[in-house]
Amino acid sequence: MTPTKKGKTTHIKIERKKREASDAEAVVHVAGGPHSGLVIAKNTADGIEDLGKPQLQLGFMCFLVDQKTDEHFVESRKLKFWYVDGTDYYNQVTTAYEFFKELVRPEDFPRDYVGFIKKCMKQMQSTRYSLAKKIDLEIQHLDKGEAPMTPGFAKEDTRPVEEIVREKLLTVLESAYPNVLSVEDLTRITASDEHMILMQLQELKTRELVRTMENGGFVRQVLDDKTEVQMVKQMPTIAANQQPTIAIITYLYYEKIAVDAMMENKTTYVRYKTEGESNVYTTGYIGEHKVVSTKLPAIGHIRAAQISSGSITTRLLGTFQNIEHVFIVGVAGGEPQFADYYRHPRLGDIVFSKCDSKGNMYYHCDKITQDKTGETEFSLKTWAPRDFQLQRIVERFQDLRSANPDFAPWEPYIEEGRELLRGQEANFSRPAPETDRLYMSIGDNQVIEVQHPEPPDGSVRRTDVPGVHFGTMGSGRPVRGELSRHEFASRYGIVAFDSEFDQVLESIVGNRKDSFMFVRGVADYYDGMRNKEWQPYAALAAAAATKAIIKSLRNTQLDDE
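Attention here is on the structure that accompanies the text. Along each chain, residue indices are assigned from 1 in the same order as the chain's sequence is written. Whole-chain, interface and lining totals are the exception, using all residues; otherwise, since this is a predicted model, local features are given only for residues with pLDDT of at least 70 and side-chain atom pairs are given and counted only at 80 or more. Think of the side-chain values as coming from all heavy atoms in the structure, minus any hydrogens and water.

1. Some thoughts on the overall build of the protein chain
Right, on to step 1. Counting from the N terminus, the helices are DSSP H or I runs at least four residues long and the strands are E runs at least two residues long. Assigned secondary structure in the protein chain consists of 13 helices and 23 strands.
Right, on to step 2. Note on classification: 1.4 Å probe, protein chains only; a residue is buried when its accessible area is under 20% of the maximum for its type, exposed when over 50%, partly exposed between these limits. The proportion of buried residues among the 561 residues of the protein chain is 52%.
Right, on to step 3. Here, two residues are considered to be in contact whenever any of their heavy atoms come within 4.5 Å of each other. Put simply, of all contacts in the protein chain between residues at least 6 apart along the chain, 74% involve residues at least 24 apart.

Structure (structure tokens):
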């Protein structure tokens, strides 16, 4: 190990050398005992110059707390890797990621500077990382003006209480839509004063964001002057040749709005009840296909909500009996690939569900257990379509992207949708790239911010358009923890997680719909529900990608004519 100091930055060069090849005069310390083989060289001013450009780099920010002074500070740390000749990209990525994963493992993450360096050196001794010829650990203590805001210390919400309550009300009504909520419901859910609730509901009514129903309850009002809206007790009869053949299921309010922006000649039917579950269906055309979209008023996390999502899906497929293909469209949480640029999802990216080598498209974890040897076992439910029309389109998209990375037929639809949605309460524009931050817990309520992997060829990724990924989806309450989620994803090749659509899938398969798929926009690195800033754009990207698939799909009804 050779340390080098330049200004505020320290470089620690660690490389394998035969003992006889070391310069004895440059050696400061030769370790013994359990640390035998570790050699510390003299501090130099120019030792870093001979390394050249690294073949792979992992960067991260450590948000730390001085245990004596309780002062918070940030360190920028970068691990730069050089490999033995002939090491391919896959093995470069695997070696770097495994090295990094072991280094920042929460149960033994080194809290002090010396311990961190020592752990790096000990890992370099391991044959597991024999492909790494040398590494450079770059450490820089950031001044307060340079350091990013610590994620654990969010800014205090200084807005007037009226504005905060109004935002809560709108969020609750959007989540419940198309269900009607009473003032009593809203008071209980938001934990706010009833008088304040009534005042803010009146403000939302004035802005035409909510409406009062006949029972005195409230429902979110859709701002869309291009769609005919009919409030009905029962769905009107639709002629057989006008029946939709494609169903699109969404959960978040803005997922539904984004999907509807992809349609033409639309009509929305709100089949509402003063108590219990209401339903909303929007029918229209995407290309030559008649489509129906719906929104689930609740899903995931609560057993009753999961059962509800399944029954609403069954009602959709029973109401529109000519459905041939089902899309589940909206936001998800990307599964980070800290070292692999090509597989790492970024916020706003598009994920197409694709069957793996076992034929599965979706993995849901019910329970985690350990076998007699201590190995983790995941109790699974899996789903896969039996009709592969949609899969073939996605595979063709993947081939076209491989041949031409600029292939992106959804991009014009994103722009068109953004223009159509300009009058909505939410902003469907792409957020600034610096808001895409990636964190990893290291225990004791401390985290590190991990830099996104850089292109290995030195190119610059465009930050104004979504990247695209293909692979399996995952979910499950037992894998909400960071470590279990990463292990689950690694074992089953999961690209993104959502908020539990297992009951929806049970309903789709139970109603004998053989063609289905997920199209998701990455809104966070968990399950899509945590980062509201990216949700509208991610939902729009997923809706636009769905439109691209549907327009590539043959219309069997036209074939029959």
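2. Focus: the pattern of salt bridges
Right, on to step 1. One side-chain nitrogen of Lys or Arg within 4 Å of one carboxyl oxygen of Asp or Glu is enough to make a salt bridge. Across all of its chains, the model carries 23 salt bridges by this definition.
Right, on to step 2. A salt bridge links aspartate 260 to lysine 256; its shortest N-O distance comes to 2.6 Å. In this pair, aspartate 260 and lysine 256 both sit in helix H6 (residues 253–260), four residues apart, roughly one turn of the helix.
Right, on to step 3. A single salt-bridge network, built from bridges that share partners, covers Glu98, Lys101, Glu102 and Arg128.

3. Some details on unusual backbone geometry
Right, on to step 1. Residue proline 178 follows tyrosine 177 across a cis peptide bond; omega there is 10°.
Right, on to step 2. Here proline 178 shows up in the loop between helix H3 (161–176) and helix H4 (183–190).
Right, on to step 3. Positive phi outside glycine occurs at glutamate 208, with the angle close to 60°.
Right, on to step 4. Tracing the backbone through its elements, the reader meets glutamate 208 in the loop between helix H5 (194–206) and strand E8 (210–212).

4. Overview of helix H10 (residues 482–492)
Right, on to step 1. Taken as a whole, H10 has its buried residues at Ser484, Arg485, His486, Phe488, Ala489 and Tyr492.
Right, on to step 2. Looking at the buried side of H10, the elements it contacts are strand E17 (362–370), strand E18 (376–383), strand E21 (468–475) and strand E22 (494–497).
Right, on to step 3. One or two residues past the end of H10 sits glycine 493, with phi positive at roughly 65°.

5. Let's talk about the environment of arginine 491
Right, on to step 1. Checked against the element boundaries, arginine 491 lands in helix H10.
Right, on to step 2. Among the residues examined, arginine 491 registers a relative accessible area of 38% and is labelled partly exposed.
Right, on to step 3. Arginine 491 sits 113 residues away from phenylalanine 378 along the chain, and the two C-alpha atoms are 9.8 Å apart.
Right, on to step 4. Ignoring any residue separated from it by four or fewer positions in sequence, one finds arginine 491 in contact with Thr376, Glu377 and Phe378.
Right, on to step 5. In protein, a polar contact requires one atom able to donate a hydrogen and another able to accept it; more generally it is a pair of N or O atoms within 3.5 Å, and residues adjacent in sequence count only if both atoms are side-chain atoms. Here the side chain of arginine 491 touches threonine 376 through a polar contact of 2.9 Å, landing on its backbone oxygen.

6. Some remarks on the pairing of strand E12 (residues 264–271)
Right, on to step 1. In terms of burial, E12 is largely enclosed, as six of its eight residues are buried.
Right, on to step 2. Strand pairing is defined by DSSP finding a minimum of two bridges between the two strands. As judged from the five bridges shared by strand E10 (residues 228–232) and E12, these two strands associate in the parallel manner. The partner of methionine 231 across the bridge, within E12, is valine 270.
Right, on to step 3. Of the strand pairs in this sheet, E12 and strand E13 (residues 279–286) are connected by six bridges, and their pairing is antiparallel. Within the sheet, the bridge partner assigned to threonine 267 lies in E13 and is threonine 283.

7. Here we look at H5
Right, on to step 1. An ideal rise of 1.5 Å per residue puts 18 Å on 13 residues; H5 measures up with 18 Å between its terminal C-alpha atoms.
Right, on to step 2. Looking at the packing, one finds that the buried side of H5 touches H3, H4, E8 and strand E9 (218–220).
Right, on to step 3. Note on H5: the residue one or two positions beyond its end, glutamate 208, has a positive phi of about 60°. How far a helix is expected to stretch is found by multiplying one less than its residue total by 1.5 Å.

8. A few points about the packing of aromatic side chains
Right, on to step 1. The rule is short: rings of Phe, Tyr and Trp, with Trp giving its six-membered ring, pair when the centres are within 6.5 Å, and they are stacked under 30 degrees, edge-to-face over 60, tilted in between. With the rule as written, the count across this model stands at 28 aromatic pairs.
Right, on to step 2. Judged by centre distance (6.1 Å) and plane angle (15°), the ring pair of phenylalanine 81 and tyrosine 83 falls under stacked.
Right, on to step 3. Here phenylalanine 352 and phenylalanine 397 contribute two aromatic rings whose centre-to-centre distance is 6.1 Å and whose plane-to-plane angle is 70°, an arrangement assigned as edge-to-face. Here phenylalanine 352, found in strand E16 (residues 350–353), pairs with phenylalanine 397, found in helix H8 (residues 389–403); they are 45 residues apart in sequence, far enough to count as distant. Here phenylalanine 352 and phenylalanine 397 have matching classes, each one buried.
Right, on to step 4. We count a charge as sitting over a ring when the NZ of a lysine or the CZ of an arginine lies within 6 Å of the ring centre and within 35 degrees of the ring normal. Directly above the ring of phenylalanine 501 sits arginine 520, whose terminal nitrogen or CZ lies 5.1 Å from the centroid.
Right, on to step 5. Taking the ring centre of tyrosine 526 as reference, the NZ or CZ of arginine 530 above it sits at 3.6 Å.

9. Details of the environment of serine 278
Right, on to step 1. Along the chain, serine 278 turns up in the loop between E12 and E13.
Right, on to step 2. Separated by 18 residues in the primary sequence, serine 278 and leucine 296 place their C-alpha atoms 9.6 Å from one another.
Right, on to step 3. Once residues lying within four places of it in the same chain are set aside, the contact partners of serine 278 are Pro178, Asn179, Arg271, Tyr272 and Lys273.

10. Points about the packing of H4 against H5
Right, on to step 1. Lines fitted to C-alpha atoms define the axes, with helix axes restricted to the stretch in contact, and inter-axis angles between N-to-C directions lie between 0 and 180 degrees. It is the contact of H4 with H5, at a shortest axis distance of 10 Å, that shows an interaxial angle of 115°. Considering the angle they form, H4 stands roughly perpendicular to H5. Here the hand of the crossing between H4 and H5 comes out right-handed. Across the interface between the two elements, Val183, Leu186, Thr187 and Thr190 of H4 pack against Glu194, Ile197, Leu198 and Leu201 of H5.
Right, on to step 2. Three classes are used, and their members are as follows: Ala, Val, Leu, Ile, Met, Phe, Trp, Tyr, Cys and Pro are nonpolar, Asp, Glu, Lys and Arg are charged, and the others, Gly among them, are polar. Of the residues in the contact of H4 with H5, the class split is five nonpolar, two polar and one charged. Under this scheme an angle from 65 to 115 degrees is roughly perpendicular, one under 35 degrees roughly parallel, and one over 145 degrees roughly antiparallel; angles in between are oblique. The hand of a helix crossing depends on one turn: near helix anticlockwise from the far one by less than a right angle means left-handed, and clockwise means right-handed.

11. Here's the deal with the side chain of histidine 325
Right, on to step 1. Counting through the fold element by element, histidine 325 comes out in strand E15 (residues 325–334).
Right, on to step 2. Taking the relative accessible area as the measure of exposure, histidine 325 reaches 3% and is therefore buried.
Right, on to step 3. Separated by 2.7 Å, the side chains of histidine 325 and serine 515 make a polar contact.
Right, on to step 4. Setting aside chain neighbours within four positions, we find histidine 325 in contact with Thr245, Ile246, Ala247, Gln389, Leu390, Ser515 and Leu553.

12. Structural notes on the nonpolar core
Right, on to step 1. By size, the foremost hydrophobic cluster in this structure holds 127 residues, and its most contacted members are Leu79, Phe100, Phe327, Phe352, Trp410, Val519 and Ile549.
Right, on to step 2. Broken down by element, the residue count for this core peaks at twelve residues, all from helix H12 (residues 535–551).
Right, on to step 3. In this document the domain limits rely on a domain assignment from an automatic tool or a database. Each of domain 1 (2–142) and domain 2 (248–315 + 326–551) gives at least three residues to this core.
Right, on to step 4. Setting aside chain neighbours within four positions, we find leucine 79 in contact with Leu56, Gln57, Leu58, Phe60, Phe99, Phe100, Leu103, Cys120, Ile135, Asp136 and Leu137.
Right, on to step 5. Among buried residues, those of type Ala, Val, Leu, Ile, Met, Phe, Trp, Tyr and Cys that are joined through side-chain atoms within 4.5 Å constitute a nonpolar core. Formed by 16 residues, the second largest nonpolar core is a distinct cluster that contains Val172, Ala176, Leu186 and Leu201.

13. Topic: the environment of glutamine 140
Right, on to step 1. With respect to the helices, strands and loops of the structure, glutamine 140 is situated in strand E7 (residues 132–142).
Right, on to step 2. The residues touching glutamine 140, leaving out its near neighbours within four places in the chain, are Lys8, Thr9, Val74, Glu75 and Ser76.

14. So, the pairing of strand E1 (residues 2–6)
Right, on to step 1. Two elements, E1 and strand E2 (residues 9–15), share five bridges in a ladder whose sense is antiparallel. When the bridges of E2 are listed, lysine 6 appears paired with threonine 9.
Right, on to step 2. Two successive antiparallel strands, E1 and E2, enclose a turn made up of two residues, where glycine 7 displays a positive phi of approximately 60°.

Shape descriptors only; they carry no functional weight alone.
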